[in-house]
Amino acid sequence: SKRSGRGRYTFYDPALNPASDRLLHLEQRLPKAIVGHELVLHFQPKVRLDDYRIVGFEALVRWQHPEFGLIYPNDFIPLAEHSGQIIELGDWVVTACCRQLADWQAAGLELVPIACNISAKQLLDDELPERIAGFLAASGIAARYLEVEITENSLIESIEVAGHVLGKLAGLGLQIALDGFGNGLSNLSHIRSLPIDSLKIDRSFISDIRNSPDDAVIVSSIITLAHNLKMRVVAEGVEMLDQLIHLKTAGCDEVQGYYLSRPVTAIAAGQLLLRSTLA
Ligand code: C2E
Ligand code: CA
Ligand code: CA
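Since we're looking at a predicted model, the values are computed, not measured.

### Focus: the pattern of salt bridges
Item 1. Here the structure, examined in full by the defined rule, presents 12 salt bridges.
Item 2. Residues E147 and K46 are paired through a salt bridge, measuring 3.1 Å at the closest nitrogen-oxygen approach. Highlighted residues: E147 in strand β7 (residues 146–151) and K46 in strand β3 (residues 39–48), separated in sequence by 101 residues.
Item 3. Overall, the relative accessible area of 6% leaves E147 in the buried class.
Item 4. Among the ionic pairs, K200 bridges to E58, the shortest N-O distance being 2.9 Å.

### Some details on a nonpolar patch on the surface
Item 1. Taken together, the side chains of L241, I245 and Y259 define a hydrophobic patch exposed on the protein surface, amounting to about 260 Å² of accessible area.
Item 2. In this fold, I245 is placed in helix α10 (residues 241–249).

### Looking at the coordination of the calcium ion (ligand 2)
Item 1. Here the calcium ion (ligand 2) is held by E58 (OE), N117 (OD1), E149 (OE) and D179 (OD), and the distances to it run 2.2 to 2.3 Å.
Item 2. In this structure the calcium ion (ligand 3) is found 3.9 Å away from the calcium ion (ligand 2), and D179 serves as a bridging donor for the pair. Taken together, the residues span a long stretch of sequence, with N117 in strand β6 (residues 114–117) and D179 in strand β8 (residues 175–181) at a distance of 62 residues.
Item 3. Among the residues examined, N117 registers a relative accessible area of 32% and is labelled partly exposed.
Item 4. When its relative accessible area of 12% is taken as the criterion, D179 is described as buried.

### Some words on the pairing of β7
Regular strands have side chains that alternate between both faces of the sheet.
Item 1. Along β7, five of the six residues are buried, which leaves the element largely enclosed by surrounding structure.
Item 2. As judged from the four bridges shared by β6 and β7, these two strands associate in the parallel manner. Within β7, the position partnered with A115 by the bridge is E147.
Item 3. As defined by bridge partners, β7 adjoins β8 across five bridges and the pair is classed as parallel. The residue of β8 that forms the bridge with I150 is L178.
Item 4. In this fold, β7 hands off to helix α6 (residues 159–172), which returns the chain to β8; that crossover is right-handed.

### Concerning α10
Item 1. Restricting attention to buried positions, one finds in α10 the residues Q243, L244, H246 and L247. Across the axial projection of α10, the buried residues extend over an arc of 160 degrees, all falling on one side.
Item 2. Buried residues along α10 sit in contact with α8 (203–206), α9 (213–228), β10 (232–235) and β11 (254–255).
Item 3. The positive-phi residue at the C-terminal boundary of α10 is G251, with phi of around 90 degrees.

### Thoughts on the site of ligand 1
Item 1. Around ligand 1 there are 22 residues in total, and R62, S119, R203, E239 and Y258 lie nearest to it.
Item 2. Residue V61 places a main-chain N or O atom 3.2 Å away from a nitrogen atom belonging to ligand 1.
Item 3. Alone, ligand 1 offers 800 Å² of accessible surface; in the complex the protein occludes 82% of this.
Item 4. Elements with a minimum of two residues in the shell around ligand 1: β4 (54–65) and α3 (86–106).
Item 5. Broken down by element, the residue count for the shell around ligand 1 peaks at four residues, all from β4.
Item 6. Here the residues of the shell around ligand 1 are counted per class, giving 10 nonpolar, six polar and six charged.

### Examining the nonpolar core
Across soluble globular proteins, you tend to see nonpolar side chains buried next to one another.
Item 1. One finds L89 and L247 to be the most contacted residues of the largest nonpolar core, which totals 78 residues.
Item 2. With 10 residues, α3 is the single largest residue contributor to this core.
Item 3. Those residues in contact with L89 that sit more than four places away from it in its chain are L30, I34, L39, F76, I77 and A80.

Criteria and thresholds
Residues numbered from 1 in each chain as written. Chains lettered and ligands numbered in written order. Predicted model: local features only at pLDDT ≥ 70, side-chain atom pairs only at ≥ 80, totals over all residues. Heavy atoms only, no water. Salt bridge = Lys/Arg side-chain N within 4 Å of Asp/Glu carboxyl O. Helix = DSSP H or I, 4+ residues; strand = E, 2+ residues; numbered from the N terminus. Buried < 20%, exposed > 50% of the residue type's maximum accessible area, 1.4 Å probe, protein only. Patch = residues over 30% accessible without salt bridge, like charges linked within 9 Å, V, L, I, M, F, W, Y side chains within 5 Å. Areas by Shrake-Rupley, 256 points an atom, 1.4 Å probe, with all protein chains shown as cover. Donors = N, O, S within 2.8 Å, 3.2 Å for Na, K, Ca; no water. Pairing = 2+ DSSP bridges. Right-handed = clockwise from strand over helix to strand, strands pointing away. Arc of directions from axis to C-beta. Contact = heavy atoms within 4.5 Å. Near = heavy atom within 4 Å. Polar contact = N/O pair within 3.5 Å; in protein donor to acceptor, adjacent residues only side chain to side chain. Nonpolar A, V, L, I, M, F, W, Y, C, P; charged D, E, K, R; others polar. Core = buried A, V, L, I, M, F, W, Y, C linked by side-chain atoms within 4.5 Å.

Written out as structure tokens, the structure is:
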């Protein structure tokens, strides 16, 4: 049975609609998860193809649910976006990244930037830059060690407001990456008008790069375009050595993917960074 409305109990059969039942539960429990330490960040290294050093990490949020186990972001980020809780969740992610950087700094590690994924709603919040500046200041971390990854989808609702927020973030010294480039509604005017430091080539162009001449041409065109605009290029979803070889030959700057490392816990990420520094 489940408590509904004004303290009455209604009986229902979860088998009738188990998926939406679970979604409802997750959406209702999310605020608790945010304040109750149920969210964790995993970190996936970005590796420079010149020397294979780790030059950054991407923070990827997971929900360590007491009953359901580890839940991946595609199962709850859309809920958080829908309910507006993405603002609190996003602040938690940035704070956790700052804390991680501060720990590494205290340990004497050479810092590399950590990238956070930022949703459309966050980009429409014109107080976001001030809050991020506050999180950075509170943890004693320079803004250049924080990167935000945005997608072109998050620009659709209001390019004016999103552009304004991005301009402020760039003004603070944060790095800006355009994620999933080439996928969806890519618009070249975005990379001209926004303060973008790097392009992340969408995984869908990388998966078949060795067999698809079209994908290979698109990837090398994106690399040329980015370099001519003084941006770095990161290829995501690199799962095999032959993809890596192809990207290195094509002049791609950085790679990310299971071939190099899956997203790992904070502890494992620190160890990877330490080893990369020793190398
Ligand atoms: P994304 O930003 O495109 O992140 C990359 C996703 O691809 C991650 O999935 C990562 O684990 C996965 N991945 C990395 N390397 C490989 C590979 O070699 N092969 C394959 N097949 N996949 C790879 P994850 O962690 O499940 O995240 C999914 C999406 O959820 C992310 O896509 C991002 O859009 C969103 N997300 C994750 N964390 C956050 C967050 O803190 N805030 C927001 N707003 N969104 C987040
Ligand atoms: Ca991303
Ligand atoms: Ca991506």
